[in-house]
Amino acid sequence: MKKQQGEQAHTIAVFSGKGGVGKSNFALNFSIGLSERGKKVLIFDLDIGMGNIDILLGLQPKHSISTMLEKNLQISDIIEEGTHNISYIAAGTGLNDFFHLDRDKYNYFMQQLQHVTNSFDYIIFDLGAGMSEEHLAFIQAADESIVVTTTEPTSITDAYAAIKRLIVHNTREDLKLSLLVNRATDEQEAQLAYSKLKTVVTKFLDHSLNFIGFIREDYTVVQAVKKQVPFYNFNEKSKAKKSMDNVVNTFMDEAKSTTPKRQFINRVKSMFSRKVD
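Below you will find a few notes about this structure. Quick caveat: nothing in here was measured; it's all calculated off a predicted structure.

## A look at the nonpolar core
Counting 59 residues, the largest nonpolar core has Phe15, Phe44, Phe109, Leu113, Phe138 and Ile163 as the members making the most contacts within it. Top contributing element to this core by residue count: helix α7 (residues 153-169), with 7 residues. Ile32, Leu34, Leu57 and Ala224 belong to the second-largest nonpolar core, a separate cluster that totals 34 residues.

## Observations regarding the sheet that holds strand β8 (residues 210-216)
An order of β3-β4-β2-β5-β1-β6-β7-β8 is seen for the 8 strands of this open sheet, with the pairing classed as mixed. If you trace the sheet from one side to the other, it starts and ends with β3 (80-81) and β8, each paired once. Where strand β6 (residues 144-149) lies against strand β7 (residues 177-184), 5 bridges are found, and the strand directions are parallel. What sits directly across from Thr149, in β7, is Val181.

## Details of the environment of Ser64
Relative to the assigned elements, Ser64 resides in the loop between α2 (53-57) and α3 (65-71). Under the relative-accessibility criterion, Ser64 is labelled buried at 7%. Residues in contact with Ser64, not counting those within four places in the same chain, are Ile78, Ala90, Ala91 and Gly92.

## What about the pairing of strand β1 (residues 10-16)?
Judged by how many residues are buried, β1 sits mostly within the fold: 7 of 7 residues are covered. Side chains of β1 alternate between two faces, with His10, Ile12, Val14 and Ser16 and Thr11, Ala13 and Phe15 buried alike. When β1 meets strand β5 (residues 122-127), the two strands line up parallel, connected through 5 bridges. In the strand pairing of β5, Thr11 is matched with Ile123. Two elements, β1 and β6, share 5 bridges in a ladder whose sense is parallel. Bridging across to β6, Ala13 finds its partner in Ser145.

## A word on the pattern of salt bridges
Inspection of every chain in the model, using the stated rule, returns 8 salt bridges. The partner of Asp126 in a salt bridge is Lys23, with the nearest N and O atoms 2.7 Å apart. With a gap of 103 residues between them, Asp126 in strand β5 and Lys23 in helix α1 (residues 23-36) connect regions that are remote in the sequence. Judged by relative accessible area, Lys23 falls into the buried class, the value being 7%. One salt bridge in this structure joins Lys176 and Glu144, with 3.8 Å as the shortest N-O distance. Here the residue Lys176 occupies a position in the loop between α7 and β7, and Glu144 occupies one in strand β6, the gap between them amounting to 32 residues.

## What to know about the packing of helix α6 (residues 133-141) against α7
Packing of α6 against α7 leaves a shortest axis separation of 10 Å and a crossing angle of 70 degrees. It follows that α6 is roughly perpendicular to α7 by the angle criterion. Touching Leu136, Ile139 and Gln140 of α6 are Arg165, Leu166 and His169, all from α7. Of the residues in the contact of α6 with α7, the class split is 3 nonpolar, 2 polar and 1 charged.

## Regarding the packing of aromatic side chains
Scanning all chains against the criterion turns up 8 aromatic pairs. A network of ring pairs unites the aromatic residues Phe26, Phe30, Tyr122 and Phe251 as a single cluster. Directly above the aromatic system of Phe120 lies the positively charged group of Lys40, at a separation of 5.1 Å from the ring centroid. In this structure, Lys241 packs its charged tip against the face of Tyr232, placed 4.6 Å from the ring centre.

## Quick notes on unusual backbone geometry
Unusually for a residue other than glycine, Asn72 sits at a positive phi of about 55 degrees. Along the polypeptide, Asn72 turns up in the loop between α3 and α4 (75-78). Given the relative accessible area of 53%, Asn72 is considered exposed. Not every positive phi belongs to a glycine, and Asp206 is a case in point at roughly 55 degrees. As for its position among the elements, Asp206 is in the loop between α8 (187-205) and β8. Given a relative accessible area of 69%, Asp206 falls into the exposed group.

Here is what the cut-offs are and how they apply
Residues numbered from 1 in each chain as written. Predicted model: local features only at pLDDT ≥ 70, side-chain atom pairs only at ≥ 80, totals over all residues. Heavy atoms only, no water. Core = buried A, V, L, I, M, F, W, Y, C linked by side-chain atoms within 4.5 Å. Buried < 20%, exposed > 50% of the residue type's maximum accessible area, 1.4 Å probe, protein only. Helix = DSSP H or I, 4+ residues; strand = E, 2+ residues; numbered from the N terminus. Pairing = 2+ DSSP bridges. Contact = heavy atoms within 4.5 Å. Salt bridge = Lys/Arg side-chain N within 4 Å of Asp/Glu carboxyl O. Axes fitted to C-alpha atoms, helices over the stretch in contact; angles between N-to-C directions. Parallel < 35°, antiparallel > 145°, perpendicular 65-115°, else oblique. Nonpolar A, V, L, I, M, F, W, Y, C, P; charged D, E, K, R; others polar. Phe/Tyr/Trp six-rings, centres within 6.5 Å; stacked < 30°, edge-to-face > 60°. Lys NZ or Arg CZ within 6 Å of the ring centre and 35° of its normal.

Shown next, in the form of structure tokens:
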């Protein structure tokens with residue numbers, strides 16, 4: 001479905017319980033998959049000080065969110081162009097607390113954020129590992145969120161801890177939460193990890209957890225990272241690329257049957273305005 005003039009982008013927050021599970025790699029290659037299907041996609045790297053979307057792309061960003069606020073740049077000035085027509089905004093450093101922006105910087109940030117939500121079909125927010133106050137706000141403001149885990153028991157436990165913190169602080173009844181299992185040997189292993197998480201999330205947190213799919217364990221991904229090339233472009237026949245196509249297709253099929261309210265700007269303003277100095 002074509003995005004209507006003035007319609008807000010579909011916003012997706014990607015997070016994880018801990019680092020090292022391939023969250024940013026998923027966000028990047030998922031974005032490329034959407035772009036390959038004719039969607040205009042922006043990756044918004046919000047892993048302040050630790051962002052690595054630019055590293056995965058083998059690029060050196062000229063600007064970041066931090067420099068935008070420091071120099072009063074337009075958000076269009078800091079959008080970098082990556083491979084396969086995706087765009088991204090680097091996190092930068094020195095902006096570790098959105099909730100303590102002064103009023104002028106807060107208003108300017110929101111104004112610029114409004115511009116990009118009207119210019120793209122999808123905005124993917126790549127959040128840092130863990131659940132800071134800022135992360136919770138962006139996840140609750142987004143149309144939906146995807147938590148990334150591997151099949152390792154510690155990773156599943158950390159994912160549950162992150163989901164628990166989110167649900168405890170959640171103020172929305174329509175919060176859509178999906179699971180992506182990374183580096184799974186096969187579908188059975190991925191489904192087992194999902195089943196474990198779904199059971200405890202349903203039983204102890206009384207919240208639903210959707211399964212968006214899994215990415216197969218594939219040495220091609222390691223090679224692609226070393227070459228600083230997204231694995232989606234590195235080997236068309238790789239298991240990881242085929243897995244990602246399945247995930248993107250599943251996501252887009254579900255998107256056709258649902259109509260998100262797309263009230264991201266209103267939600268994020270509501271959450272942040274109460275806490276800005």
